[in-house]
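For reference, the chains in residue letters:
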Amino acid sequence: MSENTSSPRKPVVGVLALQGDYEAHARAIEQAGGVSREINRADQLAEIDGLIIPGGESSTMLKLIDYENLFEPLKAFGQSKPVFGTCAGAILIARDVINPSQASFNLMDIGVERNAYGRQRDSHIVPLQAEGLGELEAVFIRAPIIRRVGDGVRVLATHRGDAVLVTQGLHMAATFHPELTADSKVHRMFIERLQH
Amino acid sequence: MFGSLLQDEQFRLKVGLAEMLKGGVIMDVVNAQQAQIAERSGACAVMALVKVPSDIRKEGGVARMSPISVIREIMNTVSIPVMAKCRIGHFVEARVLEALGVDYIDESEVLTPADEENHVDKRDFKVPFVCGARNLGEALRRIGEGAAMIRTKGEAGSGNVVEAVRHMRTIQREMKALTMLRSDELMVAAKTHQAPFELIEWVSKHGKLPVPNFSAGGVATPADAALVMALGAETVFVGSGIFKSDEPEKFARAIVKATTYWKDAEKVLEASEELPDGMKGLDVSKIPLDELMATRGW
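Residues numbered from 1 in each chain as written. Chains lettered and ligands numbered in written order. Predicted model: local features only at pLDDT ≥ 70, side-chain atom pairs only at ≥ 80, totals over all residues. Heavy atoms only, no water.

A. Molecular detail of the overall build of chain B. Along chain B, the regular secondary structure elements total 14 helices and 8 strands. The C-alpha atoms of chain B give 18 Å as radius of gyration, which agrees with the globular expectation for 298 residues (19 Å, within 12%). Principal-axis analysis of the C-alpha atoms gives chain B an extent of 55 × 45 × 40 Å. Within chain B, the fraction of its 298 residues that count as buried is 61%. For chain B, long-range pairs separated by at least 24 residues make up 67% of all intrachain contacts whose partners lie at least 6 apart in sequence. Per element, the accessible surface of chain B, about 11700 Å² overall, is 50% carbon and sulfur. Charged side chains of chain B number 37 positive and 42 negative; the gap between the two group centres comes to 1 Å. (Helix = DSSP H or I, 4+ residues; strand = E, 2+ residues; numbered from the N terminus. Rg over C-alpha atoms; globule rule 2.2 N^0.38 Å. Buried < 20%, exposed > 50% of the residue type's maximum accessible area, 1.4 Å probe, protein only. Contact = heavy atoms within 4.5 Å. Areas by Shrake-Rupley, 256 points an atom, 1.4 Å probe, with all protein chains shown as cover. Lys, Arg positive; Asp, Glu negative; His and termini not counted. Charge placed at Lys NZ, Arg CZ, Asp CG, Glu CD.)

B. Just the packing of aromatic side chains, in detail. Scanning all chains against the criterion turns up 6 aromatic pairs over all chains. Look at Phe214 of chain B and Phe237 of chain B: their rings are 6.3 Å apart centre to centre, the planes differ by 50 degrees, and that puts the pair in the tilted class. Of this pair, Phe214 of chain B sits in strand E7 (residues 213-215) while Phe237 of chain B is found in strand E8 (residues 236-238), placing the two residues 23 residues apart along the sequence. One aromatic cluster in this structure is built from Tyr117, Phe140 and Phe176 of chain A. In this structure, Arg95 of chain B packs its charged tip against the face of Phe125 of chain B, placed 3.6 Å from the ring centre. The aromatic ring of Tyr261 of chain B is capped on one face by Lys267 of chain B, whose charged end is 4.8 Å from the ring centroid. (Phe/Tyr/Trp six-rings, centres within 6.5 Å; stacked < 30°, edge-to-face > 60°. Lys NZ or Arg CZ within 6 Å of the ring centre and 35° of its normal.)

C. How the structure looks around helix H9 (residues 186-193) of chain B. Residues and elements named next belong to chain B. Looking only at H9, the buried set comprises Leu186, Ala189, Ala190 and His193. Within H9, the buried residues cover an arc of 100 degrees as seen down the axis, which keeps them to one side. Seen from the open side of H9, the exposed residues pointing more than 90 degrees away from its buried face are Met187, Val188, Lys191 and Thr192. Along its buried surface, H9 packs onto helix H7 (136-144), helix H8 (162-179) and helix H10 (197-206). (Arc of directions from axis to C-beta.)

D. Structural view of the state of the cysteines. On inspection of all chains with the given rule, the structure shows 0 disulfides over all chains. Not engaged in a disulfide, the cysteine Cys44 of chain B finds its nearest cysteine sulfur in Cys87 of chain A; these two sulfurs lie 14 Å apart. The exposure class of Cys44 of chain B is buried, given its relative accessible area of 0%. (Disulfide = S-S within 2.5 Å.)

E. Quick peek at the sheet that holds strand E5 (residues 96-98) of chain A. Residue and element names in this part refer to chain A. Pairing within the open sheet is mixed, and its 3 strands lie in the order E5-E6-E9. Looking at the sheet topology across the chains shown, the edges are occupied by E5 and strand E9 (145-149). Neighbouring strand axes in the sheet, compared pairwise and without regard to direction, differ in orientation by 25 degrees on average. Two strands pair when backbone bridges link them, and E5 and strand E6 (residues 110-113) are joined in this way by 3 bridges, in the parallel orientation. (Pairing = 2+ DSSP bridges. Axes fitted to C-alpha atoms, helices over the stretch in contact; angles between N-to-C directions.)

F. Highlighting the interface of chain A and chain B. Contacts between the two partners involve 38 residues from chain A and, on the opposite side, 39 residues from chain B. When residues of chain A are sorted by the area they lose upon contact with chain B, Arg119, Gln120 and Arg121 of chain A head the list and together hold 22% of the total. Our enumeration of links across chain A and chain B arrives at 7 salt bridges. The salt bridge partner of Lys257 of chain B is Glu68 of chain A, with a shortest N-O separation of 3.7 Å. The interface formed by chain A and chain B includes 21 residue pairs in polar contact (both at pLDDT 80 or more). (Buried area = accessible area lost by both parts, 1.4 Å probe. Salt bridge = Lys/Arg side-chain N within 4 Å of Asp/Glu carboxyl O. Polar contact = N/O pair within 3.5 Å; in protein donor to acceptor, adjacent residues only side chain to side chain.)

G. Broad picture of the packing of helix H3 (residues 32-40) of chain B against helix H5 (residues 68-77) of chain B. Residues and elements named next belong to chain B. Packing of H3 against H5 brings their axes to within 9 Å, and their N-to-C directions diverge by 35 degrees. When the axes of H3 and H5 are compared, the crossing they make is right-handed. Counted together, Ala32, Ala35, Gln36 and Glu39 of H3 and Glu73, Ile74 and Thr77 of H5 form the full contact between these two elements. The residue inventory of the contact of H3 with H5, partitioned by class, reads 3 nonpolar, 2 polar and 2 charged. (Left-handed = near helix turned anticlockwise from the far one by under 90°. Nonpolar A, V, L, I, M, F, W, Y, C, P; charged D, E, K, R; others polar.)

H. Fine view of helix H14 (residues 265-274) of chain B. Residues and elements named next belong to chain B. Residues of H14 that are buried include every one of Lys267, Val268 and Ala271, and no others. On an axial view of H14, the arc spanned by its buried residues comes to 100 degrees, and they lie on one face. Summarising the geometry of H14, the exposed residues directed more than 90 degrees from the buried face are Ala265, Glu266 and Glu273. Each element contacted by the buried residues of H14 is listed here: helix H11 (222-230) and helix H13 (248-260).

I. Spatial organisation of the pairing of strand E4 (residues 83-86) of chain A. All names here are of chain A. Side chains Val83 and Gly85 project from E4 onto one buried face, and the interleaved Phe84 and Thr86 project onto a second face that is buried too. Pairing between strand E3 (residues 50-53) and E4: 3 bridges, direction parallel. The residue bridging Ile52 from the neighbouring strand is Phe84, located in E4. The pairing of E4 with strand E12 (residues 171-174) spans 3 bridges and is parallel. Bridge assignment links Phe84 to a residue of E12, and that residue is Met172.

J. Structural context of the sheet that holds strand E11 (residues 162-168) of chain A. All names here are of chain A. Taken together, the 7 strands give an open sheet; going across it, the order is E2-E1-E3-E4-E12-E11-E10, and neighbouring strands pair in mixed fashion. Edge positions in the sheet fall to strand E2 (35-39) and strand E10 (154-159), since each of these pairs with one other strand and no more. For this sheet, the mean inter-axis angle between neighbouring strands, taken without regard to orientation, is 20 degrees. The sheet strands contacting helix H1 (residues 22-31) are strand E1 (12-16), E2, E3 and E4, and the helix crosses E2 at an angle near 160 degrees.

K. Structural view of the pattern of salt bridges. Scanning all chains against the criterion turns up 42 salt bridges over all chains. A salt bridge links Arg142 of chain A to Glu57 of chain A, with the nearest nitrogen and oxygen atoms 3.9 Å apart. Separated by 85 residues along the polypeptide, Arg142 of chain A in the loop between strand E8 (134-140) and E9 and Glu57 of chain A in the loop between E3 and helix H2 (58-67) bring together distant segments of the chain. An identical accessibility class is assigned to Arg142 of chain A and Glu57 of chain A; each is buried. One salt-bridge network, held together by shared partners, links Glu57, Arg114, Arg119 and Arg142 of chain A together with Asp103 of chain B.

L. Layout of unusual backbone geometry. All names here are of chain A. Across the junction of Asn99 and Pro100, the peptide omega takes the value -15 degrees, indicating a cis bond. Structurally, Pro100 can be placed in the loop between E5 and E6. Although it is not a glycine, Asn99 sits at a positive phi angle of roughly 65 degrees. Tracing the backbone through its elements, the reader meets Asn99 in the loop between E5 and E6. Residue classification places Asn99 among the partly exposed positions, given a relative accessible area of 39%. Its identity is not glycine, yet Arg142 carries a phi of approximately 40 degrees, on the positive side.

Keep in mind these numbers describe shape, not what the thing actually does.
Right under this line is the structure:
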């Protein structure tokens with residue numbers, strides 16, 4: 001960081017770019033006032049202030065994370081810096097995962113069920129009210145459901161009675177895809193967390 | 001009219017799933033056991049079909065939608081999205097696949113066409129469709145019919161990437177050319193490309209397709225996969241190569257690695273080393289014209 005600039009440095013947000021809609025997140029980050037970086041190697045984690053794990057196939061990402069020895073570096077990153085997971089990303093940062101059960105980073109005290117609404121024909125778009133953000137358009141695609149919310153977890157929005165946007169400490173998780181809408185306020189909320 | 005198609009909620013959900021598949025590899029499988037290997041190797045989706053293209057090519061006859069029991073078993077076996085192929089124009093096969101609940105339908109030239117003039121009207125289906133294209137006009141006609149994902153056709157089952165390269169370059173070049181036209185030149189462009197005017201206008205303004213553009217047909221090595229990604233593909237379909245190789249899992253993993261890290265030559269090198277031999281290639285110019293799959297679709 002340059003010490004002589006009068007304006008604060010823009011936060012650098014990494015997007016895990018192994019598979020999934022990481023380009024859509026990069027667009028949303030830039031629109032929300034951050035600088036985006038594609039991350040697919042462990043050494044790149046030193047360059048970013050926070051990380052977004054995008055939508056995609058969580059089991060596919062997990063395999064690539066495993067093959068490329070990224071599990072421990074990503075988990076360690078999340079133990080000190082903010083991580084935001086959307087859909088597949090929310091599955092990866094949860095404490096436990098079912099349908100089927102699979103490994104996860106255990107960064108938030110939530111239990112997530114994969115593909116819990118059903119298959120693609122059960123995908124849907126709905127308006128939601130989120131605490132601190134107002135109305136959001138939520139795009140659910142083969143989405144998971146947060147079945148268990150731990151004590152330290154704050155629920156910002158619900159849909160059909162289930163938590164869909166949650167925060168805990170530094171981290172955030174959404175079971176929908178804010179990156180697929182023109183509105184970048186969820187990304188702005190994450191970027192604001194990086195500045196504190 | 002297309003403004004409303006592209007903003008339609010159902011259409012956005014269909015394109016949304018295609019967005020989730022980006023940067024990945026979609027693998028052709030003919031049974032649940034292959035689907036399991038594909039999933040384990042890092043496929044982001046599997047494509048169910050009755051025979052892989054190189055066998056369809058070899059054995060001839062009519063290639064149709066897969067047996068339902070096979071597709072259902074694949075759906076019950078893997079947790080990643082399951083796609084299945086229907087014949088061009090066979091809207092009843094498509095309705096059957098929709099009722100079954102597959103995640104994507106490929107209206108595919110690899111199967112024997114059921115209609116030599118018309119494609120399926122894909123707009124009023126709830127399930128999304130992917131269709132093949134060799135050029136921009138063909139891509140935009142399919143999107144006009146409601147396709148939410150385009151894949152360049154290549155020449156399936158040939159083990160030769162040359163057609164995939166030709167089709168991807170053609171589409172990219174034709175899109176770039178449209179961005180340089182004045183608005184009063186776009187109607188003639190629509191006439192030349194034989195494509196809906198509103199979609200020509202959209203591409204002229206944005207310089208890309210309004211849906212994700214994937215690549216298929218002839219990818220036989222990790223370097224081939226990285227090549228089509230570098231030319232503008234957003235995901236790679238791999239057909240005959242994987243399960244025709246001696247070590248399918250190794251082959252599949254190497255293709256996945258090269259696709260994820262296509263910008264990184266060191267990683268493509270690693271992937272290439274893991275895979276000493278690619279799929280045996282056919283010379284496209286020696287395939288009899290009436291056996292070319294890419295020319296099916298209108």
